[in-house]
Amino acid sequence: MKGHLSHDSLVEVPAAVIWDVYRGLQLGKLLNQLLRDVIGMVEVVYGDGGVGTILKFTFPPGTPGPNYMKEVFTKIDDEQRLKEGEVFEGGLKDVGFQVYRQSLQIIEKDAQSSIIRSRVEYEIDDELQELASLATTKPMETLNEAVGKYLEQNWDLSS
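Residues numbered from 1 in each chain as written. Predicted model: local features only at pLDDT ≥ 70, side-chain atom pairs only at ≥ 80, totals over all residues. Heavy atoms only, no water.

Enquirer: Describe the UniProt feature "domain: Bet v I/Major latex protein" (unreviewed entry) in the chain, with residues and values.
Expert: The positions UniProt marks with the feature "domain: Bet v I/Major latex protein" (unreviewed entry) are residues 29-151. Secondary structure content for residues 29-151 is 17% helix and 46% strand, while the C-alpha to C-alpha distance between its ends is 14 Å. (UniProt positions renumbered as here; feature names shortened; annotations may be inferred. Helix = DSSP H or I, 4+ residues; strand = E, 2+ residues; numbered from the N terminus.)

Here it is in structure tokens:
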């Protein structure tokens, strides 16, 4: 069984400013700073933020399911402002998902605002389809909201 989910978050910050944060490793640093107790902690296992970079997410105590996941960046497209990653260990892979991909795309709405599109694509054996409801964009929505608010308050100071 294959499926996908997506969610759009409006942010009152120019697309180029958001992409500067989302493209590389700064997003993980902000996650650790803003959402350590909610989403968890991210650490770089390998790489410089480009394709092939491996991140390990350690979830906060009390989070149901596996307590970590590892993701590899599989695509970074500066023209489309698109970043894709695939979970290859831990997380929903450990409960039976064959494929679990996450992507974030920054879409320019106008000169001062953008949409952050969060997308999840997954594959799971038909016999485990009841687990498909575990697939979610919620952590990315929470991240986008927190980073969006942070950038709305700070972007003009850093540009």
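Enquirer: Now, about the nonpolar core: what can you tell me, with residues and values included?
Expert: Core analysis: the largest hydrophobic core is formed by 37 residues, its most contacted members being Ile18, Tyr22, Tyr100, Tyr122 and Val147. Contributing elements (two or more residues each) for this core: helix 1 (15-23), helix 2 (26-35), strand 3 (54-58), strand 4 (68-77), strand 6 (97-110), strand 7 (113-124) and helix 3 (138-158). In this view, tyrosine 122 contacts Met1, Lys2, Gly3, His4, Phe97, Val99, Tyr100, Ala132 and Ala135; residues no more than four positions away in its chain are not counted. (Core = buried A, V, L, I, M, F, W, Y, C linked by side-chain atoms within 4.5 Å. Buried < 20%, exposed > 50% of the residue type's maximum accessible area, 1.4 Å probe, protein only. Contact = heavy atoms within 4.5 Å.)

Enquirer: Now, about the pattern of salt bridges: what can you tell me, with residues and values included?
Expert: This structure, assessed with the given rule, holds 8 salt bridges. In this structure, glutamate 89 engages lysine 70 in a salt bridge whose closest nitrogen and oxygen atoms are separated by 3.7 Å. Of this pair, glutamate 89 sits in strand 5 (residues 82-90) while lysine 70 sits in strand 4; the two residues are 19 residues apart in sequence, bridging distant segments of the chain. On the basis of relative accessible area, glutamate 89 is assigned to the partly exposed category, the value being 28%. Glutamate 145 is the partner of lysine 149 in a salt bridge, and the nearest nitrogen-oxygen pair spans 3.4 Å. (Salt bridge = Lys/Arg side-chain N within 4 Å of Asp/Glu carboxyl O.)

Enquirer: Can you lay out a negative patch on the surface for me, pointing to particular residues and giving the numbers?
Expert: A contiguous patch of negative charge on the surface is contributed by Glu12, Glu108, Asp110 and Glu152. Take glutamate 12: it is sitting in the loop between strand 1 (2-11) and helix 1. (Patch = residues over 30% accessible without salt bridge, like charges linked within 9 Å, V, L, I, M, F, W, Y side chains within 5 Å. Areas by Shrake-Rupley, 256 points an atom, 1.4 Å probe, with all protein chains shown as cover. Lys, Arg positive; Asp, Glu negative; His and termini not counted. Charge placed at Lys NZ, Arg CZ, Asp CG, Glu CD.)

Enquirer: Any chance you could break down the environment of threonine 58 for me, citing the residues and the numbers?
Expert: In this fold, threonine 58 is placed in strand 3. Taking the C-alpha atoms as reference points, threonine 58 and arginine 36, separated by 22 residues in sequence, lie 9.3 Å from one another. The contact partners of threonine 58, leaving out residues within four places of it in the chain, are Ile39, Gly40, Met41, Glu43, Asn67 and Tyr68.

Enquirer: Pulling in residues and values, what's your account of the sheet that holds strand 5?
Expert: Strand order in the open sheet formed by 7 strands is 1-7-6-5-4-3-2, and the pairing between neighbours is antiparallel. The open sheet is flanked by strand 1 and strand 2 (41-46), the only strands paired with a single partner. Each adjacent strand pair in this sheet contributes to an overall mean axis angle of 25°, direction not counted. Docked against the sheet, helix 1 engages strand 1, strand 4, strand 5, strand 6 and strand 7, running at close to 155° with respect to strand 6. In this fold helix 2 packs onto strand 2, strand 3 and strand 6, with an angle of close to 150° to the strand it touches most, strand 2. (Pairing = 2+ DSSP bridges. Axes fitted to C-alpha atoms, helices over the stretch in contact; angles between N-to-C directions.)

Enquirer: Which residues make up the packing of helix 1 against helix 2, and what values go with them?
Expert: Contact pair helix 1 / helix 2: the axes reach a minimum separation of 5 Å and the direction vectors enclose 85°. Of the possible angle classes, the one that applies to helix 1 and helix 2 is roughly perpendicular. Contacts between helix 1 and helix 2 pair Asp20, Val21 and Tyr22 from the former with Gln26, Leu27 and Leu30 from the latter. Residue composition of the contact of helix 1 with helix 2, by class: 4 nonpolar, 1 polar and 1 charged. (Parallel < 35°, antiparallel > 145°, perpendicular 65-115°, else oblique. Nonpolar A, V, L, I, M, F, W, Y, C, P; charged D, E, K, R; others polar.)

Enquirer: Can you tell me about the packing of aromatic side chains, naming the residues and giving the values?
Expert: Think of a pair of aromatic rings as described by two things: how far the centres are apart, and how the planes are tilted against each other in angle. Applying the stated criterion to the full structure yields 2 aromatic pairs. With a centroid separation of 5.7 Å and 85° between ring planes, the pair formed by phenylalanine 97 and tyrosine 100 is classed as edge-to-face. Owing to a relative accessible area of 2%, phenylalanine 97 belongs among the buried residues under this scheme. With centroids separated by 5.7 Å and ring planes inclined at 75°, the aromatic side chains of phenylalanine 97 and tyrosine 122 adopt a geometry described as edge-to-face. Of this pair, phenylalanine 97 sits in strand 6 while tyrosine 122 sits in strand 7; the two residues are 25 residues apart in sequence, bridging distant segments of the chain. Across from the ring centre of tyrosine 68, 5.3 Å away, lies the NZ or CZ of lysine 56, which sits over that ring. (Phe/Tyr/Trp six-rings, centres within 6.5 Å; stacked < 30°, edge-to-face > 60°. Lys NZ or Arg CZ within 6 Å of the ring centre and 35° of its normal.)

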